[in-house]
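Working through the structure, step by step
Listed below, chain by chain, are the residues.
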Amino acid sequence: MKKTILITGGAGFIGSHVVRLFVTKYPDYQIINLDALTYAGNLENLNDVADAQNYKFVKGDITDEKFIPHLFSTYQFDGVVHLAAESHVDRSITDPFAFIRTNVFGTCNLLNAAKEAWKGNMEGKRFYHVSTDEVYGALDFDGTFFTETTKYDPHSPYSASKASSDHFVRAYHDTYGLPVVISNCSNNYGANHFPEKLIPLSINNIKNNRPIPIYGKGENVRDWLWVNDHVRAIDTIFHNGKNGETYNIGGNNEWSNIDLIRALCDIMDRKLQREQGESAKLITFVKDRAGHDLRYAIDSTKLQRELGWKPSLQFEEGLEKTVDWYLANQTWMDNIINGDYQKYYEKQYLER
Ligand code: NAD
Ligand code: DAU
């Protein structure tokens, strides 16, 4: 069936994998990728689909109150998959307002444009908001999990901004009948992950014999999911999820940061033909992140039972694939590292 779909943030890490899947799997869909190309946006992520007939890139900002309604009237979207966001917790601590602007105001601007464009006939329309498990706060080491009914308790400006955007999405559903779905996912990893996040940052530092900064004691736990599995879940929820519902997405794959980095060091030693234990010598404990959430763990039973999704990859296999991708795509990394980002990174690292 022919549809025109707006994907926001499609030049970022997860968004680029979503764009690729939709463009290749649904040749009848016209995919419009709207991205402001902030420091995190990178069109190189999409070189392989850039010339596809059913794909178009539009540079634009989701906070632009004139441009966004204009875009909706130009393309008459049937659906929106909204990923554009400021996504890095550490940056939210130094610049919270950027997160309020994009994640809260930008989301509201899109919701409002969709409401106006779809007014009078919302049949077959869908606004999908991609959110995070961080809205639920932090768990203790007590074996509990976040479910879809866990009370929101965000701690960082990033998670507070995402929580706020989730509330607005639900408010537009309850107040205006906007057909929405939300998913809250755990930590993704895989190809094209921006090297300010733990796994790609560590791969790059290990390769270059630089310190691997571990916040605090490295005891914080995250649930890691291969990005392609997240993207399959997004596809499933976009097409089969129920309006007004929330779905948790997770890998059932908890690792403390220090255990994860040790496992990564072992893989890197093998791949770089270093002596076993050599990369782990780069581990450096640094000042903890302010308000650092102790543990995230997702219960994705609802998604598995109702929509039949499950993760496909074991973590060790996924981590190895990820390392292989970074080692084979050094130019992708160099193009980021050689730009302004490296100056930003050095400054952050020195300040810790
Ligand atoms: P990312 O930082 O890699 O990419 C964000 C993209 O959004 C970039 O291409 C950037 O240019 C674009 N963008 C930022 N501000 C914009 C604006 N004002 N207008 C238009 N485009 C803008 O982020 P990611 O890790 O791919 O995350 C994508 C989404 O998934 C986010 O909403 C994030 O909250 C959510 N999420 C991420 C994870 C994760 O582990 N990375 C897990 C769960 C949920
Ligand atoms: O849980 C989903 C979230 O996962 C997403 O919503 C966010 O967009 C995404 O960035 C990610 O947030 P985290 O803060 O968990 O990811 P990050 O890679 O920044 O950090 C992972 C863990 O590693 C966290 O406990 C902090 C720690 N860390 C991170 C960095 C960058 C370090 O110890 N050292 C580091 O240098």
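Scroll up to find the structure.
Okay, so let's go over this structure. (Residues numbered from 1 in each chain as written. Chains lettered and ligands numbered in written order. Predicted model: local features only at pLDDT ≥ 70, side-chain atom pairs only at ≥ 80, totals over all residues. Heavy atoms only, no water.)

1. Remarks on the overall build of the protein chain
Here is the rule: Strands here mean DSSP runs of E at least two residues long; helices mean DSSP runs of H or I at least four residues long; both are numbered from the N terminus. Throughout, radius of gyration means the C-alpha value; the globule benchmark is 2.2 Å times the number of residues raised to the power 0.38. Buried residues are those whose accessible area, probed at 1.4 Å on protein chains only, stays under 20% of the maximum for their type, while exposed residues exceed 50% and partly exposed ones sit between those limits. Whether two residues are in contact is decided by their heavy atoms, any of which lying within 4.5 Å being enough.
Secondary structure summary: the protein chain contains 12 helices and 12 strands in total. Against the globule reference of 20 Å for 352 residues, the protein chain gives a C-alpha radius of gyration of 20 Å, in line with a compact fold. Expressed as lengths along the three principal axes of its C-alpha atoms, the size of the protein chain is roughly 65 × 45 × 40 Å. Across the 352 residues of the protein chain, 55% fall into the buried class. For the protein chain, the share of sequence-separated contacts (at least 6 apart) that also reach a separation of at least 24 residues comes to 83%.

2. Points about the packing of helix H6 (residues 198-207) against helix H10 (residues 315-328)
Helix-helix packing is characterised by the crossing angle of the two axes and by the distance between the axes. Inclusion rule: Only the stretch in contact is used when fitting a helix axis, every axis being a line fitted to C-alpha atoms; angles between N-to-C directions are given from 0 to 180 degrees. Here the word oblique covers every angle except those under 35 degrees (roughly parallel), over 145 (roughly antiparallel) and from 65 to 115 (roughly perpendicular). In a left-handed crossing the near helix is turned counterclockwise from the far helix by less than a right angle, and in a right-handed crossing that turn is clockwise.
One can describe the packing of H6 onto H10 by two numbers: an axis separation of 11 Å at closest approach and a directional angle of 55°. With respect to H10, the element H6 is oriented oblique. Seen along the crossing, H6 lies across H10 with a hand that is right-handed. Here Ile199, Pro200, Ile203 and Lys207 of H6 lie close against H10, whose contacting residues are Phe315, Leu319, Thr322, Val323, Tyr326 and Leu327.

3. Looking at the site of ligand 2
This is how it is decided: Proximity criterion: a residue is near a molecule or strand once any of its heavy atoms comes within 4 Å of it. Throughout this description, a polar contact denotes any pair of N or O atoms lying within 3.5 Å of each other; where both atoms belong to protein, one of them has to be capable of donating a hydrogen while the other can accept it, and for residues adjacent in sequence the pair is counted only when both atoms sit in side chains.
Close to ligand 2 lie 22 residues, the nearest being Thr132, Asp133, Tyr158, Arg289 and His292. A distance of 2.8 Å is found between an oxygen atom of ligand 2 and a backbone nitrogen or oxygen belonging to leucine 198. Within the backbone of tyrosine 215, an N or O atom sits 2.8 Å from an oxygen atom of ligand 2. Among the elements that make up the shell around ligand 2, the one with the highest residue count is strand E8 (residues 212-215) (3 residues).

4. So, the pattern of salt bridges
Operational definition: Whenever a carboxyl oxygen of Asp or Glu lies within 4 Å of a side-chain nitrogen of Lys or Arg, that contact is scored as a salt bridge.
Counting across every chain of the model gives 13 salt bridges. Measuring nitrogen to oxygen at the nearest pair gives 2.7 Å for the salt bridge that ties arginine 20 to aspartate 48. Residue arginine 20 is found in helix H1 (residues 13-25), and its partner aspartate 48 is found in the loop between strand E2 (29-35) and strand E3 (55-59); the two are separated by 28 residues along the sequence. Residue class for aspartate 48 comes out exposed when judged on its relative accessible area of 54%. One continuous salt-bridge network, built from bridges that share partners, spans Arg270, Lys271, Glu320 and Asp324.

5. Topic: the site of ligand 1
The criterion, for reference: Residue exposure ignores everything except the shown protein chains as possible cover, and the areas themselves are Shrake-Rupley values with a 1.4 Å probe. Amino acids are sorted into nonpolar (Ala, Val, Leu, Ile, Met, Phe, Trp, Tyr, Cys and Pro), charged (Asp, Glu, Lys and Arg) and polar (every other residue, Gly among them).
Taken together, 28 residues lie near ligand 1, and Ile14, Asp35, Ser87, Tyr158 and Lys162 sit nearest. Separating a nitrogen atom of ligand 1 from a backbone N or O atom of alanine 36 is a distance of 3.1 Å. Within the side chain of tyrosine 158, a nitrogen or oxygen atom sits 2.6 Å from an oxygen atom of ligand 1. Here ligand 1 loses 96% of its free accessible area of 840 Å² to cover by the protein chains. Of all elements in the fold, only H1, strand E5 (126-132), helix H5 (157-176) and strand E7 (187-189) reach the threshold of two or more residues within the shell around ligand 1. For the shell around ligand 1, the leading source of residues is E5, giving 3 residues. For the shell around ligand 1, the per-class residue count stands at 13 nonpolar, 12 polar and 3 charged.

6. Observations regarding the packing of helix H2 (residues 67-75) against helix H4 (residues 96-118)
At their nearest, the axes of H2 and H4 sit 9 Å apart, and the two run at 40° to each other. Taken as axis vectors, H2 and H4 run oblique relative to one another. Our pair here, H2 against H4, has a crossing hand that is right-handed. On H4, the residues touching Ile68, Pro69 and Phe72 of H2 are Asn109, Leu110, Ala113, Ala114 and Ala117. Residue classes in the contact of H2 with H4 are distributed as 7 nonpolar, 1 polar and no charged.

The quantities given are spatial measurements derived from coordinates; they are silent on function.
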